[in-house]
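What follows is each chain in one-letter form.
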Amino acid sequence: MNKAIESMKVSGSGAVTGRGRRAAAWVGWMAALAVVAAFAGCSEGSGSKVPVFPVKGSVKFEGEPAAGAFVVFHPTAPAKSGEETPRSTAQVQPDGTFELTTLSQADGAPAGDYAVTIRWTKLIKQGNDTAAGPNVIPPIYDKPETTPWKVTVKDAPNQLDPYTITKK
């Protein structure tokens, strides 16, 4: 046996030999590659990136910016066979504005037709902790089936009309 390998062997119960260390390292590298491949597959589908276009807008509730509200664009057309339709989302900033994100921060949304939902759960104190409270926006705006807001994202920069919400 090779003297270098022989010197790497450790005797005793549960000991790892030089060959065992190399096998463990190989398994570790393969696991790392599998994780990288999985993340690449999640973000880019089957190797092709969906083209997205900038989408900006604003949300006000009872005349004030809805800072922290969550905006979701739900595609109204069914996904093509074998394709996954990406979901575009945004969080409303303190000034009431938002920029949609689909694949990377503020990149926009694919061109197409969407139902727009908005949910705003303000934080509430529960003992020493904080938790998401109930949605303060009327429930009609929180479901793609009931929201009155429909929008078409064009294959160019998109500036949306403001979304103004009242309790009524």
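Bear in mind that the values here come from a model prediction, so they are computed numbers and not experimental data. (Residues numbered from 1 in each chain as written. Predicted model: local features only at pLDDT ≥ 70, side-chain atom pairs only at ≥ 80, totals over all residues. Heavy atoms only, no water.)

(A) Spotlight on the sheet that holds strand 6 (residues 112–119). Read across the open sheet, the four strands follow the order 4-3-6-9; overall the sheet is antiparallel. Each edge of the sheet is formed by a strand with only one pairing partner; in this case those strands are strand 4 (88–91) and strand 9 (150–153). For this sheet, the mean angle separating the axes of adjacent strands, direction not counted, is 30°. With four bridges connecting them, strand 6 and strand 9 associate as antiparallel partners. Looking at strand 9, one finds that Gly112 is bridged to Val153. (Pairing = 2+ DSSP bridges. Helix = DSSP H or I, 4+ residues; strand = E, 2+ residues; numbered from the N terminus. Axes fitted to C-alpha atoms, helices over the stretch in contact; angles between N-to-C directions.)

(B) Geometry of the pattern of salt bridges. On inspection of all chains with the given rule, the structure shows one salt bridge. Across the pair Asp142 and Arg119 runs a salt bridge whose closest N-O atoms are separated by 2.4 Å. Note that Asp142 is positioned in the loop between strand 8 (129–135) and strand 9 and Arg119 in strand 6, a separation of 23 residues in sequence. Overall, Asp142 belongs to the partly exposed group, its relative accessible area being 22%. A relative accessible area of 37% means that Arg119 is categorised as partly exposed. (Salt bridge = Lys/Arg side-chain N within 4 Å of Asp/Glu carboxyl O. Buried < 20%, exposed > 50% of the residue type's maximum accessible area, 1.4 Å probe, protein only.)

(C) The arrangement of unusual backbone geometry in detail. You will see that Glu62, though not glycine, has its phi angle at about 55°, which is positive. Note that Glu62 resides in the loop between strand 1 (55–61) and strand 2 (64–65). Accessibility expressed as a relative area gives 41% for Glu62, which makes it partly exposed. Even without being glycine, Ala106 reaches a positive phi, approximately 60°. Residue Ala106 is classed as partly exposed on the basis of its relative accessible area, which comes to 31%.

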